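These are the residues of each chain, in order.
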Amino acid sequence: MKISFSQLRLIVAGFSVASMVCTASRAAQTSRDPQISGPSTTVVIDAGHGGYDRGGIPGQRIPEKEMTLDVAQRLKALLAAGGYRVVMTRNSDVFVPLAARVAIANSYGNAIFVCIHFNSAKRMGAGGIETYFYSRESLPLASAIHYYVAGGAPSSNRGVRRRGFYVLRKTRVPSVLVECGFLTNPTEGEYVQTSTYRQKLAEEIAAGVRGRNSVGSALSATRMATAESIPLQPYIDQTKVTKSERKRPKHSHKKSVRKKKSSSQPTESEASAASKNPEGN
Ligand SMILES: [Zn+2]
């Protein structure tokens, strides 16, 4: 089902309520065919932040929302040229609620959802590429995108991580959130401000989209972890080193749900996470 923007506005409010009430298991909702591949796939590209949501941390010089949109638009051009049907959750500097982004992705039966973000940290030395997924069916896509982006970037490899970010948890299609480097890192920040590097990032993400089945299966047959071996991770800000800096970055997509896996891990209920970070900002 396609949704026009006017229709979308009408359903966003209701969807937001429904998404908070609905607690059905994600596994039950998810029945996407993992074998879907090729240009018949719809790629929903989600440029992080936008409008009044600048992204990053307070005082950050490089606006994350502009970098994500630029990479997203470059990715759109690359995938469209390759025959993919591409849908953008935003194509300008506007604010789009997270629930609306998810609704767009879920409105396409054969979609994959690619969220583009950049990281930020108070510690300037923090850097690297990290890629997030949540559902089991998203792992091949996450592995492939991370394989190419981390492999093609001069940044360090922070790994593929499983975490329940809202946009990953609520989408019923394979979904990945890639953090394409730290804008607060002087070296990575300088790279990202060049169009050449942003084009490179888009090309690597596109390579991951194209190779999501072959790369995932190849890696899983050798050294790559399976969904079972990458546990849902509690929120640990791994960019911080000193105790005084242990504070959650104000990053709107970082709304993760911690599963009560073991007593050694901190827990946080979805309700408390939502109350601290109202969804959709
Ligand atoms: Zn972000």
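Our structure is the block above this text.
Below or above, wherever it landed, is the structure these notes cover. (Residues numbered from 1 in each chain as written. Predicted model: local features only at pLDDT ≥ 70, side-chain atom pairs only at ≥ 80, totals over all residues.)

Among the secondary structure elements, Glu 179 is positioned in strand β6 (residues 175-182). When the C-alpha atoms of Glu 179 and Asn 119 are compared, they prove to be 5.8 Å apart, with 60 residues separating the residues in sequence. (Helix = DSSP H or I, 4+ residues; strand = E, 2+ residues; numbered from the N terminus.)

Okay, helix α8 (residues 195-210) next. Given a rise of 1.5 Å per residue, 16 residues ought to cover 22 Å, and the 22 Å separating the end C-alpha atoms of α8 matches this to within 8%. Considered for burial, the residues of α8 that qualify are Arg 198, Leu 201, Ala 202, Glu 204, Ile 205, Ala 206, Gly 208, Val 209 and Arg 210. (Expected span 1.5 Å × (residues − 1). Buried ≥ 20, exposed ≤ 12 C-beta atoms within 10 Å, placed from the backbone.)

To continue, consider the nonpolar core. With 62 residues, the main nonpolar core has Val 114, Ile 116, Ile 145, Val 149, Val 176 and Ile 205 as its most contacted residues. Per element, the largest residue contribution to this core is nine residues, and it comes from helix α5 (residues 139-152). Val 149 has contacts with Ile 129, Val 178, Cys 180, Leu 201, Glu 204, Ile 205 and Gly 208, leaving out every residue within four places of it along the chain. (Core = buried A, V, L, I, M, F, W, Y, C linked by C-beta atoms within 7 Å. Contact = placed C-beta atoms within 7 Å.)

Another point: helix α3 (residues 64-81). Between its first and last C-alpha, α3 extends 26 Å over 18 residues, near the 26 Å set by a 1.5 Å rise per residue. Buried within α3 are the following residues: Glu 64, Lys 65, Met 67, Thr 68, Leu 69, Val 71, Ala 72, Arg 74, Leu 75, Lys 76 and Leu 79. On its buried face, α3 is in contact with β1 (42-47), β2 (85-88), β3 (111-119), β6, α7 (186-192) and α8.

What follows covers the sheet that holds strand β4 (residues 129-133). Strand order in the open sheet formed by six strands is β2-β1-β3-β6-β4-β5, with mixed pairing between adjacent strands. Where the open sheet ends on each side, the last strands, each with one partner, are β2 and β5 (157-162). Each strand of the sheet is rotated relative to its neighbour by a mean of 20°, with strand direction disregarded. As defined by bridge partners, β1 adjoins β3 across six bridges and the pair is classed as parallel. Note on β3: the bridge partner recorded for Val 44 is Phe 113. Across the sheet, α3 lies against β1, β2, β3 and β6, angled at about 145° from β3, the strand it touches most. Across the sheet, α8 touches β1, β3 and β6, and the angle it forms with β3 is around 150°. (Pairing = 2+ DSSP bridges. Axes fitted to C-alpha atoms, helices over the stretch in contact; angles between N-to-C directions.)

Before going further, it helps to examine the environment of Gly 59. By secondary structure assignment, the location of Gly 59 is in the loop between β1 and α3. When the C-alpha positions of Gly 59 and Lys 122 are compared, they lie 10.0 Å apart, and in sequence the two are 63 residues distant.

What follows covers the pairing of β3. For β3, the tally of buried residues reaches nine of nine residues, placing the bulk of the element in the interior. Here β3 shows a buried face lined by Ala 111, Phe 113, Cys 115, His 117 and Asn 119 and a second buried face lined by Ile 112, Val 114, Ile 116 and Phe 118. Two elements, β3 and β6, share six bridges in a ladder whose sense is parallel. What sits directly across from Cys 115, in β6, is Leu 177.

Keep in mind that these numbers describe shape and distance, not what the molecule does.
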